[in-house]
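Residue-level listing of the chains:
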Number of protein chains: 4
Amino acid sequence: MPRTKEQLQEIRKKTEKLILYSALELFAEKGFNGTTISDIAAKAGISKGLAYNYFSSKKDLLEAVCETLLIEMDKIFKPIEQIEDPYLKIEILINLIFTQIEKEEKFWRLYMDFSLHPGVKEIVNKITVDYLDTGFKLLEKIFRQIGIKNPANESKLFGAIIDGMSLHYIFNKEHYPLKQMKRFLKKKYNKESLEKLK
Amino acid sequence: MPRTKEQLQEIRKKTEKLILYSALELFAEKGFNGTTISDIAAKAGISKGLAYNYFSSKKDLLEAVCETLLIEMDKIFKPIEQIEDPYLKIEILINLIFTQIEKEEKFWRLYMDFSLHPGVKEIVNKITVDYLDTGFKLLEKIFRQIGIKNPANESKLFGAIIDGMSLHYIFNKEHYPLKQMKRFLKKKYNKESLEKLK
Amino acid sequence: MPRTKEQLQEIRKKTEKLILYSALELFAEKGFNGTTISDIAAKAGISKGLAYNYFSSKKDLLEAVCETLLIEMDKIFKPIEQIEDPYLKIEILINLIFTQIEKEEKFWRLYMDFSLHPGVKEIVNKITVDYLDTGFKLLEKIFRQIGIKNPANESKLFGAIIDGMSLHYIFNKEHYPLKQMKRFLKKKYNKESLEKLK
Amino acid sequence: MPRTKEQLQEIRKKTEKLILYSALELFAEKGFNGTTISDIAAKAGISKGLAYNYFSSKKDLLEAVCETLLIEMDKIFKPIEQIEDPYLKIEILINLIFTQIEKEEKFWRLYMDFSLHPGVKEIVNKITVDYLDTGFKLLEKIFRQIGIKNPANESKLFGAIIDGMSLHYIFNKEHYPLKQMKRFLKKKYNKESLEKLK
DNA sequence: AATGAATGAGACTTCATTCAT
DNA sequence: CATGAATGAAGTCTCATTCAT
């Protein structure tokens, strides 16, 4: 009995996801150029040929991974949009980010590898720039809501802190005092401290 | 008649530098894996073979580039060690760093590509970690000298800001308001603001 | 539809053999260092890349060729083990060896090139030494069975004669009187002559 | 004061010999293809360029080494020609050969490597064949002088024994009982034994 | 006579991609 | 839909040979 169209479509979707996430993890681990299609196929438990049935080239796969990445990131930060209190918003944002750094270091790796990576850059740049901008805008809104003096700059500063710490953590995972820095940052951005920036 | 030892030494030094800086620029531009020995030779205007007369492998060249990089960075930050006044020290440090970011973006690119890049990482990691540590310690000393409450954390925060901003600048050179952020940061770390951290 | 496992296995076996025997012949003809992967691929009628799908390096291929060689040699000399009469055993052994020398000169070439060749030697040495020992032991047993006075030395002498003649034959295939030497040797090692060694 | 023509010529001769013997040893040790001009120059303590002042190519050097080798071998076996008594001649020949095997294994290595070696073979073959023939003829003459039945075959047998043993010795220098085989061979070819071959 | 920097052809090897099944 | 054998371009590296000094 042949499978129904729905079943086939489901298989396709599932396999595509499988390839995508295998690629994502390997790209994060070994970089784009350092990952081979064979690696990806092996990790996904499929044949090399099948990967080309889903993605027409390695670059294509990269773009797809990139989009996936952004969608995932969006998902993570979606919840905070519904929070009303800006102080709470920042606190939860910090919580989310640090959980994210620790738990999903690979996202940061990808984010950085892709952005710095030659050949890959062109593809990825626009997306990340947009993404960064969105983040900056979001933060800016929060800071403006609070009434802080220079919300645009403050948001860029905050963003820099986050990405700088992530970078340092990735460089030296064993020894970077991530939890301590998180507490420190939360103090820097608690209600009392933020008041001083008005 | 053969060339004198001095002549030979000079040739070797000159060619080595030529190769080294060609490699440095290309690594910065296209990453380690994205740069071929052919690229480097072409940029240096020499044959592929000659590169191997000076560096026994691409990895060897990478290590040499790495060391060069650190030496260059050291040179840049050396002057501030002699400044006595910690407030001035920070101000000049910020000046130096921002000049550096703008002028020698390639250093940051290398610094990041090397550190994030798989396969390359092993070689470079120790060096960068050491270097980062040195930077953190230097900052910590300054903050402690001033009498700031949590010098270790503050130094890591400062470091994160710098590297985060550099990252954002590299991502979006055209639009990132580097000069504006520099002014902003200088205000954040001027004498008046630092006093509040005591 | 993908090929069945059996089909794939057969293809792999066939291609592997093809590469192996192409390599074997070329190694025998031009030596290990004198043979390129391109040569082998060309002789096998495949692409260079495919050779690496079957053997991970030229050295790996060498080892495989070596094993093949020994297996083939074993096959050749297996039958004589079942012969009871030691005099007949020697006669048939001589027959086999001389047929072998003439027919499969390449085996001897390999055997010698590999053993004498630097760099290659390390890999091959143990195998050939073992093999030689086995041969000596086998002969020794035969001579002892006959009751010859100094079986260990006689077996080494016999071995030396064989390999020396092979060497001379290879040096000068056109003019070396192989058949004549075979007859001569058979007389030297016939029952009557062997009796004198008791 | 410029050097006299004689002095210059002497320097040339000395340097040529230096290169030649450096090449000889390295070829013996690592084979022709395994030895680089750099190796040879380094061993001779001269520059690569100078080697080309004396030998126009690596192949040229090989041929020269080959000739040197034969001259050296000739020198070694010259003395026995003057011995009258054929029995003594054989005894001394065996002595000489075994001393030679043990002491100058490199000659045998070269002799074999060159003969079996691809590309090299063409050059070397004629010489070695001639040399071998000369040896066979010499032995044949001795055996004929003694009155042995089949001097041509006996001389080839003797030659095979020698080269076979050398081969086995080189394969397994540590364990091959060279001295023991020498004694054994001397008994096989002493007056008493030879008489039986008449 | 002597040097070693420089070249370039060609070796080994990897891997994205294609294709017969 | 699925496979992995097969290709070939391109990358790293070696080395005989040349040449300016």
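Residues numbered from 1 in each chain as written. Chains lettered and ligands numbered in written order. Predicted model: local features only at pLDDT ≥ 70, side-chain atom pairs only at ≥ 80, totals over all residues. Heavy atoms only, no water.

Topic: the interface of chain B and chain A
This is how the line gets drawn: We call two residues contacting when some pair of their heavy atoms lies within 4.5 Å. As used here, buried area is the combined drop in accessible area, with a 1.4 Å probe, of two parts when they are placed together. A pairing counts as a salt bridge when a side-chain nitrogen of Lys or Arg comes within 4 Å of a carboxyl oxygen of Asp or Glu. Polar contact criterion, stated in full: a pair of N or O atoms within 3.5 Å, where within protein one must be able to donate a hydrogen and the other to accept it, and residues adjacent in sequence count only if both atoms are side-chain atoms. Each helix corresponds to a stretch of at least 4 residues labelled H or I by DSSP, and each strand to a stretch of at least 2 residues labelled E; elements are numbered beginning at the N terminus. Think of it as three bins: nonpolar holds Ala, Val, Leu, Ile, Met, Phe, Trp, Tyr, Cys and Pro, charged holds Asp, Glu, Lys and Arg, and polar takes everything else, Gly as well.
Counting residues at the interface gives 42 residues for chain B, matched by 42 residues for chain A. Across the chain B to chain A interface the summed buried area is about 3,600 Å²; carbon plus sulfur atoms make up 70%. Across the chain B-chain A interface, the total number found is two salt bridges. Between B:Lys188 and A:Glu154 there is a salt bridge; the shortest N-O distance is 2.7 Å. On the surface where chain B and chain A come into contact, there are six residue pairs in polar contact (both at pLDDT 80 or more). Counting only elements with at least two residues in the side of chain B that touches chain A, the list comes to α1 (5-30), α6 (105-116), α7 (121-146), α8 (151-171) and α9 (178-188) of chain B. A total of 14 residues in the side of chain B that touches chain A trace back to one element, the largest contributor, which is α8(B). By residue class, the composition of the side of chain B that touches chain A is 20 nonpolar, 13 polar and nine charged.

Structural notes on the relation of the copies chain D and chain C
In this arrangement, two copies of a chain are superimposed by a rotation about an axis accompanied by a shift along the axis. Rules: In this comparison the copies share one frame, found by least squares on the C-alpha atoms of residues holding pLDDT of at least 70 in both.
Each copy of the sequence occupies a distinct position, and chain D is placed on chain C by a rotation of 178° and an axial shift of 0.1 Å, giving an RMSD of 0.3 Å. The relationship between the two copies is best expressed as a two-fold rotation axis. Measuring from the rotation axis to each C-alpha of chain D, the shortest distance belongs to D:Gly164, at 1.9 Å. Counting the interface residues of chain D, we find that 100% of their copies in chain C are interface residues as well, pointing to one common contact surface.

Section: the interface of chain D and chain C
Put simply, an interface is often sized by how much accessible area is lost when its parts join up. Between chain D and chain C, the contact holds 42 residues from the first and 42 residues from the second. Surface buried jointly by chain D and chain C totals about 3,600 Å² across both partners, of which 70% is contributed by carbon and sulfur atoms. Scanning the region where chain D abuts chain C turns up six residue pairs in polar contact (both at pLDDT 80 or more). Of all the secondary structure elements, the ones that give two or more residues to the side of chain D that touches chain C are α1 (5-30), α6 (105-116), α7 (120-146), α8 (151-171) and α9 (178-188) of chain D. Of all the elements, α8(D) adds the most residues to the side of chain D that touches chain C, at 14 residues.

Examining the arrangement of the chains
The least C-alpha distance between chain B and chain C, which are not in contact, is 19 Å. Chain A makes no contact with chain D; the smallest distance between any of their C-alpha atoms is 33 Å.

Some words on the pattern of salt bridges
Operational definition: Exposure is judged per residue with a 1.4 Å probe applied to protein chains only, and the accessible area is read against the type maximum: over 50% gives exposed, under 20% gives buried, and values in between give partly exposed.
The full count for this structure, using the stated rule, is 28 salt bridges over all chains. With a shortest N-O distance of 2.9 Å, C:Lys30 and C:Asp39 are connected by a salt bridge. Between D:Arg144 and D:Glu140 there is a salt bridge; the shortest N-O distance is 3.2 Å. Of the two residues, D:Arg144 and D:Glu140 both sit in helix α7, four residues apart, roughly one turn of that helix. The class for D:Glu140 is buried, based on a relative accessible area of 15%.

Observations concerning the packing of aromatic side chains
The description of an aromatic ring pair rests on the distance of the ring centres and on the angle between the ring planes. How we decide: Aromatic pairs are defined between Phe, Tyr and Trp rings, using the six-membered ring for Trp, whenever the two ring centres lie within 6.5 Å; interplanar angles under 30 degrees are classed as stacked, those over 60 as edge-to-face, and all others as tilted.
Evaluation of the coordinates by the stated rule reveals 16 aromatic pairs over all chains. Each ring, one from C:Phe143 and one from C:Tyr189, has its centre 6.2 Å from the other, and the planes form 35°; the classification is tilted. Of this pair, C:Phe143 sits in helix α7 (residues 121-146) while C:Tyr189 sits in the loop between α9 (178-188) and α10 (191-195); the two residues are 46 residues apart in sequence, bridging distant segments of the chain. Residue class for C:Tyr189 comes out buried when judged on its relative accessible area of 7%. Between D:Phe143 and D:Phe158, the ring centres sit 6.3 Å apart and the planes meet at 70°, which makes this aromatic pair edge-to-face. Placement of D:Phe143 in helix α7 and of D:Phe158 in helix α8 is noted, with a sequence separation of 15 residues between them. An aromatic cluster is built from A:Phe143, A:Phe158 and A:Tyr189, whose rings are joined through pairwise contacts.

Points about the environment of A:Asp39
Residue and element names in this part refer to chain A. Topologically, Asp39 is positioned in helix α2 (residues 37-44). Taking the C-alpha atoms as reference points, Asp39 and Ser22, separated by 17 residues in sequence, lie 8.8 Å from one another. In contact with Asp39, not counting residues within four places along its chain, are Leu26, Lys30 and Gly34.

Brief notes about the packing of α1(B) against helix α4 (residues 58-77) of chain B
Residues and elements named next belong to chain B. This is how the line gets drawn: Think of each axis as a best-fit line through the C-alpha atoms, taken over the contacting stretch in the case of a helix, with angles from 0 to 180 degrees between the N-to-C directions. If an angle is under 35 degrees, it is roughly parallel; if it is over 145, roughly antiparallel; if it lies from 65 to 115, roughly perpendicular; otherwise it is oblique.
One way to put it is that α1 packs onto α4 with a least axis distance of 10 Å and a crossing angle of 90°. Taken together, the axes of α1 and α4 are roughly perpendicular relative to one another. Together, Ile19, Leu20, Tyr21, Ala23, Leu24 and Phe27 of α1 and Leu61, Leu62, Ala64, Val65, Thr68 and Glu72 of α4 make up the contact between the two elements. A per-class count over the contact of α1 with α4 returns ten nonpolar, one polar and one charged.

As for helix α8 (residues 151-171) of chain C
Note the threshold: The span one expects for a helix is its residue count, reduced by one, times 1.5 Å.
In this model α8(C) runs 30 Å from its N-terminal to its C-terminal C-alpha over 21 residues, within 8% of the 30 Å that 1.5 Å per residue would give. Burial analysis of α8(C) places 20 of its 21 residues in the buried class, the great majority of the element.

Digging into the nonpolar core
Rule in force here: Only buried residues count toward a nonpolar core. Its members are Ala, Val, Leu, Ile, Met, Phe, Trp, Tyr and Cys residues joined through side-chain atoms within 4.5 Å.
Membership of the largest hydrophobic core comes to 133 residues, with the highest contact counts inside it found for C:Tyr189 and D:Tyr189. Ignoring any residue separated from it by four or fewer positions in sequence, one finds D:Tyr189 in contact with D:Ile90, D:Ile94, D:Phe143, D:Glu154, D:Leu157, D:Phe158, D:Ile161 and D:Leu194. In terms of nonpolar packing, the next biggest core, distinct from the first, is built from 130 residues, A:Phe114, A:Phe184, B:Phe27 and B:Val65 among them.

Points about helix α9 (residues 178-188) of chain A
Rule in force here: The arc in question is the one traced by the directions running from the helix axis out to the C-beta atoms.
Within α9(A), burial applies to A:Leu178, A:Met181, A:Phe184 and A:Leu185. Along the long axis of α9(A), the arc covered by the buried residues comes to 120°, so they all point the same way. In α9(A), the exposed residues that point more than 90 degrees away from the buried face are A:Lys179, A:Arg183 and A:Lys187. In the core, the buried residues of α9(A) are packed alongside α5 (86-103) and α8 (151-171) of chain A together with α8 of chain B.

A short note on the relation of the copies chain B and chain A
Screw-axis analysis of chain B against chain A gives a translation of 0.1 Å along the axis, an RMSD of 0.3 Å, and a rotation angle of 179°. Same-surface contact between copies: 100% of interface residues of chain B are shared with the interface of chain A.

Notes on the domain arrangement of chain A
Residues and elements named next belong to chain A. Cut-off, in case you're wondering: The split into domains, and so the bounds of each, comes from an automatic or database assignment of domains.
Taken as a whole, chain A is organised into domain 1 (1-55) and domain 2 (65-195). Spacing between the C-alpha centres of domain 1 and domain 2 amounts to 29 Å. Each side of the interface is counted separately: domain 1 has ten residues, and domain 2 has eleven residues. Around 950 Å² of area is buried between domain 1 and domain 2 when both sides are counted, 71% of it from carbon and sulfur atoms. Scanning the region where domain 1 abuts domain 2 turns up zero salt bridges. The tally of links between domain 1 and domain 2 comes to one residue pair in polar contact (both at pLDDT 80 or more). For the side of domain 1 that touches domain 2, the residue count by class is seven nonpolar, two polar and one charged.

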